Amino acid sequence: MNIRMKYKLFPVLLILAALLSGCQDTTRPEDEANAVVVGFSQLGSESAWRIGNTASMEKAAQSHGYGLMLDNANQKQEKQISAIRSFIAYQVDVIVVSPIVEKGWDNVLTEARQAGIPVILMDRMVDVKDDGLYTAYIGADFLEEGRRAGEYLLKKAEAINAEHLRVVEISGTLDSTPMRERQQGFMEIIGDDPRFELLESVSGDFLRSKGAECMRKLLQKYGSTGIDVIYSHNDAMTLGALDVLESAGVKPGKDVVLISVDGEQAAVDALKAGKINCIVECTPDLGEQVMDLVGALTRGETIPKASHPKETAFTEFDDLSGLGPRGY
Ligand code: AHR
């Protein structure tokens with residue numbers, strides 16, 4: 001970061017604080033006029049994935065020399081909407097938003113369009129009447145992630161000659177893109193196969209504490225031998241469930257098959273220790289690609305409507321010795 005930019009970031013942060021606390025000075029100062037300023041509405045900090053994603057955005061903004069107005073909405077859509085309104089008032093160059101749920105964005109995105117500010121959706125999608133309300137989406141192909149989880153389970157069932165497996169799903173935040181598509185992709189693969197019985201799907205909101213709470217209730221309902229497979233939509237919930245299973249004397253990875261999504265360090269360690277059977281990768285490291293798109297937009301270039309990072313799955317059937325530090 002050059003010194004000019006470094007000093008430019010202080011007013012950006014101060015003004016953001018003022019805007020978000022309801023003060024009325026919404027004008028972009030003269031000395032900000034030439035710097036590229038990105039308004040970023042992050043949905044929260046519910047998981048190691050999310051914290052890694054925020055760090056990736058901050059690092060990339062810095063390496064590109066862009067000012068970043070970051071607002072963390074703490075899992076509240078209303079907070080995201082008011083942050084976006086503040087970014088519009090400030091006249092940022094580009095708005096980046098990671099929307100907590102898919103619906104409810106038409107009005108605020110219309111306001112951004114009327115103000116002529118492009119919007120990049122990062123990590124999660126919106127369900128709006130007009131796709132022209134956002135400029136681009138960059139994030140995982142969640143449908144493919146769900147399919148990868150299902151494909152692992154098919155392979156596992158073959159390997160152990162299973163005739164009947166009782167499956168529970170601990171899903172992410174209801175009505176969010178990863179929740180909806182990870183479920184859809186998984187069911188596409190196993191839904192019509194008579195070997196699999198989906199006992200139920202419960203939501204753990206992508207939180208470790210709720211993953212543990214769901215697991216406690218599931219154990220009360222089905223007992224310690226009543227569940228064969230747990231498909232959990234992220235590592236945070238998986239790790240919470242894993243703790244509860246171990247406290248109940250159930251061996252995760254052996255007595256119960258555990259399928260997770262993300263690939264954070266603690267989960268990869270558990271996979272290597274045989275306590276998780278499969279992790280479908282979802283990378284939080286999207287910052288560089290987002291800032292490249294911001295750069296292209298500010299140069300007046302056309303950018304792709306949707307792009308996905310390359311991802312894979314890590315399973316008990318793979319050689320994991322070459323899997324290095326995850327960084328989140
Ligand atoms: O939207 C991506 C999901 O959100 C990640 O899988 C999860 O860990 C995060 O909270």
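Tallying each qualifying case throughout the model produces 2 aromatic pairs. Both rings, one in Tyr-152 and one in Phe-317, keep their centres 5.8 Å apart while their planes meet at 35°; by these two values the pair is tilted. Taken together, the residues span a long stretch of sequence, with Tyr-152 in helix H5 (residues 142-159) and Phe-317 in the segment after strand S12 (313-315) at a distance of 165 residues. You can call Tyr-152 buried: its relative accessible area is 4%.

With respect to the helices and strands, Asp-106 occurs in helix H4 (residues 106-114). The side chain of Asp-106 sits in the buried core without any salt bridge; Lys-129 is the nearest counter-charge, 4.7 Å away. Within the local environment of Asp-106, its side chain forms a polar contact with the backbone nitrogen of Lys-129, the two atoms lying 3.0 Å apart. Residues in contact with Asp-106, not counting those within four places in the same chain, are Asp-127, Val-128, Lys-129 and Leu-133.

Once that is clear, we can look at the sheet that holds strand S4 (residues 119-122). Spatially, S2-S1-S3-S4-S5-S11 is the arrangement adopted by the 6 strands of the open sheet, whose pairing is parallel. Both outer strands of the open sheet, strand S2 (67-72) and strand S11 (306-307), are each paired with one neighbouring strand and no more. Taken together, the 2 bridges between strand S5 (residues 136-138) and S11 define a ladder with parallel strand orientation. Directly across from Tyr-137, in S11, lies its bridge partner Ala-306.

Here is what the cut-offs are and how they apply
Residues numbered from 1 in each chain as written. Predicted model: local features only at pLDDT ≥ 70, side-chain atom pairs only at ≥ 80, totals over all residues. Heavy atoms only, no water. Phe/Tyr/Trp six-rings, centres within 6.5 Å; stacked < 30°, edge-to-face > 60°. Helix = DSSP H or I, 4+ residues; strand = E, 2+ residues; numbered from the N terminus. Buried < 20%, exposed > 50% of the residue type's maximum accessible area, 1.4 Å probe, protein only. Lys, Arg positive; Asp, Glu negative; His and termini not counted. Salt bridge = Lys/Arg side-chain N within 4 Å of Asp/Glu carboxyl O. Polar contact = N/O pair within 3.5 Å; in protein donor to acceptor, adjacent residues only side chain to side chain. Contact = heavy atoms within 4.5 Å. Pairing = 2+ DSSP bridges.

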